[in-house]
Amino acid sequence: MTERFDCRHCEDSLFGRKYVLREERPYCVACFEALFASTCEECGNLIGCDCKDLSYKDRHWHEACFHCSRCRGSLVDKPFAAKEDQLLCTDCYSQEYSSRCQECKKSIMPGTRKMEYKGSSWHETCFICHRCQQPIGTKSFIPKDGQNFCVPCYERQYALQCVQCKKPITSGGVTYREQPWHRECFVCTACKKPLSGQRFTSRDEFAYCLGCFCDLYAKKCAGCASPISGLGGTKYISFEERQWHNDCFNCKKCSLSLVGRGFLTERDDILCPDCGKDI
């Protein structure tokens, strides 16, 4: 006897009939379409075995139904873009959704590389240095008056030079005595610590942090021997070439504050009138 050759699903004989193999199992056309055929997204009909099935992200179309949602042109073997479940040819997509190049004002087509900066877009070939006209690509650049410059061109054309190191200042910087400095170059003359963002003072046109200035130049309190900076409204008492912090100007014996009071001196000591009456 001849071996049977039946449909895997309905078990009808397939001899002399068209059939479809799926995972090496035979199915008659009717069973295959009922079990496995996809439904066309456009027309809603099954995509039969005699039709080409075009798919995109688990969605299926007849070849004749695979067209642009806007202009209805065929998308078969053509580039396309998807937007909100709609398929669009590149022309329709660019007219509807694509950003325009800041330089040439033309649409930036889907699938092409574009450069973006602060809400503006450029074709990769249009994103160039305004001075040397070379593509910037992913290199660092500096915007100036609506134009973009590669770093070397910006430094040659616009950047100030640091008074200390003589190199261009491309960002930030400090102005001291109407001259430009890098933040890292503007340091205390004595200890070399950065002064940017810190309180500082100067002497003979040289800048010093408060600590170094006090150590080098401030007068010493006759009471505590610490420097009297005189900065920031610090109050002090001066008498016969000696100085005291306000808080240190006290009677040597009873520690009464003598600020605004009469006082007596005994050698290097200062005394209130009561403690000094027996001198």
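Residues numbered from 1 in each chain as written. Predicted model: local features only at pLDDT ≥ 70, side-chain atom pairs only at ≥ 80, totals over all residues. Heavy atoms only, no water.

A.B. asks: Before we move on, could you go through the overall build of the protein and cite the residues and values that matter?
C.D. replies: Helix and strand content of the protein: five helices and 22 strands. Its C-alpha radius of gyration of 43 Å places the protein more than 25% over the 19 Å reference for a compact globule of 279 residues. For the C-alpha atoms alone, the extent of the protein along its principal axes is close to 145 × 50 × 35 Å. Within the protein, the proportion of its 279 residues that are buried is 30%. For the protein, the proportion of contacts with a sequence separation of at least 24, taken over those separated by at least 6, is 12%. A total of about 19000 Å² of accessible surface is found on the protein, and carbon and sulfur atoms cover 45% of it. (Helix = DSSP H or I, 4+ residues; strand = E, 2+ residues; numbered from the N terminus. Rg over C-alpha atoms; globule rule 2.2 N^0.38 Å. Buried < 20%, exposed > 50% of the residue type's maximum accessible area, 1.4 Å probe, protein only. Contact = heavy atoms within 4.5 Å. Areas by Shrake-Rupley, 256 points an atom, 1.4 Å probe, with all protein chains shown as cover.)

A.B. asks: Lay out the domain arrangement of the protein in plain terms, naming residues and giving numbers.
C.D. replies: Along its sequence, the protein is carved into domain 1 (96–157), domain 2 (159–208) and domain 3 (218–278). On a C-alpha basis, the centres of domain 2 and domain 3 stand 38 Å from each other. (Domains from an automatic or database assignment.)

A.B. asks: Give a description of the environment of Asp269 that names residues and reports values.
C.D. replies: You can see Asp269 is positioned in strand E22 (residues 269–271). C-alpha separation for the pair Asp269 and Cys214, spaced 55 residues apart in sequence, amounts to 24 Å. Every residue in contact with Asp269, bar those within four places of it in the chain, is listed here: Lys252 and Leu264.

A.B. asks: Describe the nonpolar core, with residues and values.
C.D. replies: Counting 15 residues, the largest nonpolar core has Cys40, Trp61, Phe66, Cys68, Leu75, Leu87 and Cys89 as the members making the most contacts within it. Take this core: its biggest share by element is three residues, from strand E6 (residues 86–89). In contact with Leu75, other than residues within four places in its own chain, are Phe66, His67, Cys68, Phe80, Leu87, Leu88 and Cys89. (Core = buried A, V, L, I, M, F, W, Y, C linked by side-chain atoms within 4.5 Å.)

A.B. asks: Outline unusual backbone geometry, supporting the account with residue identities and numerical values.
C.D. replies: One non-glycine residue, Lys57, adopts positive backbone phi at about 50°. Take Lys57: it is sitting in the loop between strand E3 (53–56) and strand E4 (59–62). Backbone geometry at Glu178 places phi at a positive 60°, although glycine is not the residue there. Looking at the element boundaries, Glu178 is found in the loop between strand E13 (174–176) and strand E14 (179–181).

A.B. asks: Outline the pairing of strand E19 (residues 236–239), listing residues and values.
C.D. replies: As paired elements, E19 and strand E20 (residues 242–245) share four bridges and run antiparallel to each other. Within E20, the position partnered with Phe239 by the bridge is Arg242. The hairpin formed by E19 and E20 contains two residues between the paired strands, and Glu240 there has a positive phi angle of roughly 50°. (Pairing = 2+ DSSP bridges.)

A.B. asks: Before we move on, can you summarise the side chain of His62 with the specific residues and values?
C.D. replies: Relative to the helices and strands, His62 is located in strand E4. According to the relative accessible area criterion, His62 is buried, its value standing at 11%. Setting aside anything within four residues of it in sequence, one finds His62 in contact with Cys40, Cys43, Asn45, Leu46, Ile47, Cys51 and Lys52.

A.B. asks: Report on the UniProt feature "domain: LIM zinc-binding" (unreviewed entry) in the protein, specifying residues and quantitative values.
C.D. replies: Taken from the UniProt record, the annotation "domain: LIM zinc-binding" (unreviewed entry) applies to residues 38–98, 99–160 and 219–279. The span residues 38–98 is 11% helix and 26% strand, and its two end C-alpha atoms sit 32 Å from each other. (UniProt positions renumbered as here; feature names shortened; annotations may be inferred.)

A.B. asks: Which residues make up helix H4 (residues 210–217), and what values do they have?
C.D. replies: Every buried residue of H4 is listed here: Cys212, Phe213 and Cys214. Close packing links the buried residues of H4 with strand E15 (200–203), strand E16 (206–209), strand E17 (219–220) and strand E18 (227–228).

A.B. asks: Pulling in residues and values, what's your account of the packing of aromatic side chains?
C.D. replies: The tally for this structure, following the rule as stated, stands at 22 aromatic pairs. With centroids separated by 5.4 Å and ring planes inclined at 80°, the aromatic side chains of Phe149 and Tyr158 adopt a geometry described as edge-to-face. Between the aromatic rings of Phe213 and Tyr217, the centroid separation amounts to 5.6 Å while the plane-to-plane angle is 50°, which identifies the pairing as tilted. Remark: Tyr217 and Phe213 occur in helix H4; sequence separation between them is four residues, near one turn of the helix. Here Phe213 falls in the buried class, since its relative accessible area comes to 12%. In textbook terms, an aromatic cluster arises when at least three aromatic residues are bridged by ring pairs, as seen for Tyr56, Trp61, Phe66 and Phe80. Here the guanidinium or amino end of Arg22 rests over the ring plane of Phe36, the centre of that ring lying 4.1 Å away. Residue placement shows Lys144 over the ring face of Tyr158; its charged tip is 5.2 Å from the ring centre. (Phe/Tyr/Trp six-rings, centres within 6.5 Å; stacked < 30°, edge-to-face > 60°. Lys NZ or Arg CZ within 6 Å of the ring centre and 35° of its normal.)

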